[in-house]
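If you want the building blocks of each chain, they are given just below.
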Amino acid sequence: SHLRCAIRAMARQRMLRPRVVLHRSFCSSHQNAATEGKSMWGRFWDREYKRREEAKEKQAKGWEKLQKEMSRSKLQDYYDMHRKRGKATPKMLEMKARAESFKFPSMEIEDLNGNKFDLLEIASKDRVGTLVHMYGTQLAQEMGEKWLGECSTLIPKIPQIEVALNETWYAKLLKPLTSRNLKKWVPEHRRDSYYKRYGNTKEERASLGMLNKLTNYVFLVDSSGAVRWIGSGQPDDEEIAALHKFVGVMSREAKSKKR
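Residues numbered from 1 in each chain as written. Predicted model: local features only at pLDDT ≥ 70, side-chain atom pairs only at ≥ 80, totals over all residues. Heavy atoms only, no water.

Thoughts on the overall build of the chain
If you tally the helices and strands in the chain, you get nine helices and seven strands. Counting over 259 residues, the chain shows a buried share of 36%. (Helix = DSSP H or I, 4+ residues; strand = E, 2+ residues; numbered from the N terminus. Buried < 20%, exposed > 50% of the residue type's maximum accessible area, 1.4 Å probe, protein only.)

Here it is, written out as structure tokens:
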């Protein structure tokens, strides 16, 4: 029995010895790869680690974006509409300097004839600036018309354009029908400055601070594409007076720049 146990022990040692040698050779090869340059296996794991880290970063950004969207409920949108006269942004009675302003985003839009343009190029085409009205609902468009009426005296100094945002999935399917209806509904003197946008505008809304989807927004954009002033909801006399003053300031800036 003692002899059998000894033979079994020797057999086990012989079976385990190659594994130990392989393990040591594997470790030594990795140590050499670390010092002399990484092997293909090491590069593979580096790429895998990098891919996983990028996936974690994207997931974290996705959760952050989702929490930001969920932090504002539809009830807040309705509250702004009914209690604040559609005011989704604080009233701005001071115009921002160009250096302190953010850039108006690039966005593909269409006119009533289906011709495509870049909204940023149109908004910054005038030498003084442009007043951009944006809305995505019928109620918001009615509020926008009040802004258009109150700012009609600004037209000789600065152009005004309208952008209707159609973000629902069925809006694109009904695009031919809605285009024909818009041609009939929009007054003739506003058709050349009326544009529409189909599709998702989450990134553009976020960059412009358009959190409330129910109300309208008004942006005063200068010739460099900088957003100098923002308004929302129904206009009041104080805002209209301030807007007239801001347009005068931008007009003087354009004249001094021309000199």
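And the narrative resumes.
Focus on the sheet that holds strand E6 (residues 217-222)
Spatial strand order, E2-E1-E5-E4-E3-E6-E7: seven strands in an open sheet with mixed pairing. Only two strands of the sheet have a single neighbouring strand rather than two, namely strand E2 (116-118) and strand E7 (227-232). Direction aside, neighbouring strands of the sheet carry axes that sit 30° apart on average. Where strand E3 (residues 129-135) and strand E4 (residues 160-166) come together, five bridges link them in parallel fashion. Bridge pairing in E4 links Met134 to Val163. Strands in contact with helix H5 (residues 138-150) are E3, E4, strand E5 (194-198), E6 and E7; relative to E3, the strand with the most contacts, it is inclined by about 155°. Contacts from helix H7 (residues 175-185) reach strand E1 (108-111) and E5 within the one sheet, and its direction differs from that of E5 by about 160°. (Pairing = 2+ DSSP bridges. Axes fitted to C-alpha atoms, helices over the stretch in contact; angles between N-to-C directions. Contact = heavy atoms within 4.5 Å.)

A closer look at H5
If you check H5, its first and last C-alpha atoms are 19 Å apart, about what 13 residues at 1.5 Å a residue would give, namely 18 Å. Those residues of H5 that fall on the buried side of the exposure criterion are Ala140, Gln141, Met143, Gly144, Trp147 and Leu148. One side of H5 carries all its buried residues, which in axial view fall inside an arc of 160°. (Expected span 1.5 Å × (residues − 1). Arc of directions from axis to C-beta.)

Re the environment of Leu182
The residue Leu182 is located in helix H7 in this model. Take Leu182: its relative accessible area is 15%, and that puts it in the buried class. For Leu182, the residues in contact, after removing those within four places along its chain, are Leu112, Tyr194 and Lys196.

Points about the packing of aromatic side chains
For the structure shown, the criterion picks out four aromatic pairs. With a centroid separation of 6.0 Å and 80° between ring planes, the pair formed by Phe117 and Tyr195 is classed as edge-to-face. Taken together, the positions of Phe117 in strand E2 and Tyr195 in strand E5 put the pair 78 residues apart, joining distant regions of the chain. Here the aromatic residues Phe104, Tyr217 and Phe219 are joined through ring pairs into a cluster of three or more. (Phe/Tyr/Trp six-rings, centres within 6.5 Å; stacked < 30°, edge-to-face > 60°.)

Digging into the pairing of E7
Most of E7 is tucked away: six of the six residues are buried. In terms of strand pairing, E6 meets E7 through five bridges, oriented antiparallel. Looking across to E7, one finds that Val221 is bridged to Val227. Taking the residues between adjacent antiparallel strands as the criterion, E6 and E7 are bridged by four residues, where Gly225 takes a positive phi near 90°.

Some words on a nonpolar patch on the surface
The grouping of Trp169, Tyr170, Leu173, Leu174 and Leu177 at the surface amounts to a nonpolar patch, some 600 Å² of accessible area in total. In terms of residues, the nonpolar patch owes the most to one element, helix H6 (residues 169-173), which gives three residues. Counting through the fold element by element, Tyr170 comes out in helix H6. (Patch = residues over 30% accessible without salt bridge, like charges linked within 9 Å, V, L, I, M, F, W, Y side chains within 5 Å. Areas by Shrake-Rupley, 256 points an atom, 1.4 Å probe, with all protein chains shown as cover. Salt bridge = Lys/Arg side-chain N within 4 Å of Asp/Glu carboxyl O.)

Focus: the pattern of salt bridges
In this structure the tally under the stated criterion is 11 salt bridges. For Glu238, the salt bridge goes to Lys91, with nearest N and O atoms at 3.3 Å. With Glu238 in helix H9 (residues 237-258) and Lys91 in the loop between helix H3 (74-83) and E1, this residue pair connects regions lying 147 residues apart in the sequence. Because the salt bridges share partners, they merge into one network encompassing Arg98, Asp222, Arg228 and Glu253.

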